[in-house]
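Chain by chain, the residues run as shown.
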Amino acid sequence: MAFPRMNALGFWLTALALAVLLASHFVPGGAAVSGWTAYPPLSAIAATGPGQGLGLDLWLASIALFAIASTMSSINTLVTIVRLRCEGMTWDRLPLTVWGWFTAALLSVLAFSVLLAALLLLFCDRHAGTGFFIPPGDIVNGVVQAAGHPGNGSPLLWLHLFWFFGHPEVYIAILPGMGLTSMVLANFSRRRVVGYRLMIATTLAIGLLGILLWGHHMFVAGLNPFASTAFSVTTLAIALPSSAKVLSWIATVWRTRPRYTTAMLFALGFVSLFVTGGLSGPILAQPILDEYLHNTMFVVAHFHLIMAMAGIFGLYTAIYYWFPLVSHGRLLSERLGRWHFWLTLYGAYNTFLPMHFTGLAGEPRHYAQLIQIPNAGGRLLAGTIPLNLHITISAFILASAQLVFLYNLARSLRNGTLADQNPWEATTLEWHPRLAFGSASEVEDEAPIIVHRPPCWYLEATPGEESYLPQWSADAIHDIKRMKPE
Amino acid sequence: MSLLPLIASLLPTDASAHGPALDHQLQLSLWITLGLAVLAHLLLIVGLVGRRTQARSSLWAIEYLPLTLLIILFATLGIRAERLWALTRYTGASHEAMQMEATGLQFAWYFRYTGPDATFGITRPQLASAAEGNPLGIDAHDSHGADDLVTTELVIPVDREIDLTLRAQDVIHGFAVPELRLKQNAVPGETTHIHFTATKTGTFAILCTQLCGLGHYRMSANLRVLPVDEFQRWLTQREQAAHP
């Protein structure tokens, strides 16, 4: 870590941001009325309804804290990766996990700074009488707002600023998962990642395209229709680096008979959910189809499968895989892990897949209830209720499955099986014997850690022979003899 | 069994002129992506079940060839979609289109007809008062405004192009008619135009599709599409009632 204190500060600020966000539910008037996108004037003018008071201010404070915390952590990540790589750790030997963090950190620095500025402007609109996002002649509850907010503001300005953050944010959430999925699949398949350099390139390409397509959230928001066409092209383009990754994941595990640890299962689940959720992307990228699908449950299905579910499967892969490094060498229970995986996979698909259908039937998102809707809307929405019942039950199953994980966590922290120094036969540096728990006695060896080769150096195993070479192993002769260059 | 009607059956009635082409593009996209999802999962499962091999094909076969095919596929889809988008959005309504206006406010839609002079009157925010029967703030001193008609349901003639002006008074609302494949936000301070032609008579739902506050879910109205003569009768009747 280049800046360990700043990193710790970033972590604890994030925890504080969460506490503030949770607290906003318990203040007079309730939690923020305007949802996570906080579109003004709903978020800017107090008269727009309950949830417009302290709740919204706490929401603003929480997100601002989170933006500051994320920027700090990102700067630490970037500087650490650029400046503190050990000898031999060239850029093309850097694990894809680290490439994922690196790209996500680059995006974070860009996106969160814009968000923080937007939050400040919104705060000024709320409390300093400015009108960045409030147009002249705005009437709320029959009261003209012009006196309190003079000027010529536009709600669309907020949409641009917010989505300039909001879209990179989904890549910030998924890129680390993509990177570690590549590495974990290769580890348990005992094969090199197919197209390693291409995977580095696609990670960066996703990052670059990720900041060029925020307008696809605004196809029907009042954007110039020509702009929608431009944003549609950049959005369709991101399907290509994403597809390249899927092809690499399939090719990496192709006919390897992998070892199905819980971490491997979650990594495969990541691939499945990423494919299922991702493929509705090219549908939603077409502005003409957004004319029907925008803000329906179809969109909710899309981004929950890919960003929420695949993203969380990435987190679980990481937790099951690296748990021994933070638990004094104990492993999570594999038996409970398998239960956790299958229940979560079942819950994820049964909760979010049917939302495609209710969305196609026309159900809008953000509806507090679907019964007692006046007018012809009631008839239209009534048809979605049976599927919504299924979704609700599945969501409870999905939530309950996480109790298995919490139990596993609590139990394994104290009573988990003690792992070997390198339980997964991994090749990357975090499993270096000198870094392993309980290796304090071996620290006499002060020779610096040197990287000798790219990660995932798995050799086709012959019985009784070492079948992999970690990045730190200096066994070069073995290396040359056994591996033909790619 | 053709699977195409399966997806079509999920969608509500299609009652607009641009709708069938949109539905076709939607179904085509859904089938292509469904096919790709199934293919990817099949490859994954076959690869996991197969015996371990050492064989490794070139990156060209694994990556570049499939990616080229995907570029062609997505480019074709994209070009088709952009052409449809251009048809509906790049140009405004024709001169013969009927002028109407929809205004969203928490939590209702109001619709305005021009009256015989075919021109909307000026609105002033400080005059807007639902209690005084003038929710849109039409200026009574403006001669264009005097004959304007304001309703809480949108009644239109079938097979006639409508040029709909969208406005919002307080916060952003989303004007959506699923059965006419229409959606466009109404943004305070902006005037947005969409144009469409209803091809079927009937009563359809107008929903709000942009979170606008606690009552968002119940902010709906009816769109009634009437045969032309019936529409004329309705309009005359309403205008006489409003301006005797």
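Residues numbered from 1 in each chain as written. Chains lettered and ligands numbered in written order. Predicted model: local features only at pLDDT ≥ 70, side-chain atom pairs only at ≥ 80, totals over all residues.

### A look at the nonpolar core
Argument step 1. In this structure, V184, F266, A267, L273 and A310 of chain A together with I206 of chain B are the most contacted members of the largest nonpolar core, which totals 181 residues.
Argument step 2. Broken down by element, this core gets its largest block of residues, 18 residues, from helix 4 (residues 155-189) of chain A.
Argument step 3. With residues near it in sequence (within four places) discarded, F266 of chain A still touches F313, Y316, T317, Y320 and F341 of chain A. (Core = buried A, V, L, I, M, F, W, Y, C linked by C-beta atoms within 7 Å. Buried ≥ 20, exposed ≤ 12 C-beta atoms within 10 Å, placed from the backbone. Helix = DSSP H or I, 4+ residues; strand = E, 2+ residues; numbered from the N terminus. Contact = placed C-beta atoms within 7 Å.)

### Things to note about the environment of A93 of chain B
All names here are of chain B.
Argument step 1. Examined against the element boundaries, A93 turns out to sit in the loop between helix 3 (59-90) and strand 1 (98-105).
Argument step 2. Using a count of 17 C-beta atoms within 10 Å as the deciding quantity, one classes A93 as partly exposed.
Argument step 3. Put simply, A93 and Q237 are 144 residues apart on the chain and 27 Å apart in space, counted from C-alpha to C-alpha.
Argument step 4. Ignoring sequence-local partners within four residues, the contact set of A93 consists of E161, D163 and H195.

### Some details on the domain arrangement of chain B
Interface extent is often summarised as the accessible area lost during association of the parts.
Residue and element names in this part refer to chain B.
Argument step 1. Domain annotation of chain B identifies domain 1 (4-90) and domain 2 (98-242).
Argument step 2. Measuring from the centre of the C-alpha atoms in domain 1 to the corresponding centre in domain 2 gives 38 Å.
Argument step 3. In this complex, domain 1 contributes 9 residues to the contact, which on the side of domain 2 involves 13 residues.
Argument step 4. Here the residues of the side of domain 1 that touches domain 2 sort into 4 nonpolar, 4 polar and 1 charged. (Domains from an automatic or database assignment. Nonpolar A, V, L, I, M, F, W, Y, C, P; charged D, E, K, R; others polar.)

### Quick look at the environment of H127 of chain A
Argument step 1. Note on placement: H127 of chain A falls in helix 3 (residues 96-127).
Argument step 2. For H127 of chain A and I45 of chain A, which are 82 residues apart along the polypeptide, the C-alpha to C-alpha distance reads 9.5 Å.

### Digging into the interface of chain A and chain B
Argument step 1. Each side of the interface is counted separately: chain A has 78 residues, and chain B has 77 residues.
Argument step 2. The element contributing the most residues to the side of chain A that touches chain B is helix 7 (residues 239-253) of chain A, with 10 residues.
Argument step 3. Across the side of chain A that touches chain B, the residue classes tally to 47 nonpolar, 26 polar and 5 charged.

### Here's the deal with the confidence of the model for chain B
Argument step 1. For chain B, the average pLDDT comes to 93, and 97% of its residues sit at 70 or higher.
Argument step 2. The ipTM, which scores confidence in the relative placement of chains, is 0.95 for this predicted complex, and the corresponding pTM is 0.95. (pLDDT = per-residue confidence, 0-100.)

### Quick look at the domain arrangement of chain A
Residue and element names in this part refer to chain A.
Argument step 1. Partitioning chain A into domains gives domain 1 (1-258), domain 2 (260-419) and domain 3 (440-482).
Argument step 2. Here the C-alpha centroids of domain 1 and domain 3 sit 39 Å apart.
Argument step 3. Counting residues at the interface gives 15 residues for domain 1 and 12 residues for domain 3.
Argument step 4. Element by element, the count of residues in the side of domain 1 that touches domain 3 is highest for helix 4, at 3 residues.
Argument step 5. The class makeup of the residues in the side of domain 1 that touches domain 3 is 7 nonpolar, 2 polar and 6 charged.

### Section: unusual backbone geometry
Argument step 1. With an omega dihedral of 0°, the bond running from P40 of chain A to P41 of chain A counts as a cis peptide bond.
Argument step 2. Its location among the elements puts P41 of chain A in the loop between helix 1 (4-23) and helix 2 (54-83).
Argument step 3. In this model, Q106 of chain B is joined to F107 of chain B through a cis peptide bond whose omega is -5°.
Argument step 4. You can see F107 of chain B is positioned in the loop between strand 1 and strand 2 (108-113).
Argument step 5. Positive phi is not limited to glycine here, since C456 of chain A has a value of about 60°.
Argument step 6. Looking at the secondary structure, you find C456 of chain A in the loop between helix 14 (385-415) and strand 3 (457-458).
Argument step 7. Classification of C456 of chain A as buried rests on a count of 25 C-beta atoms within 10 Å.

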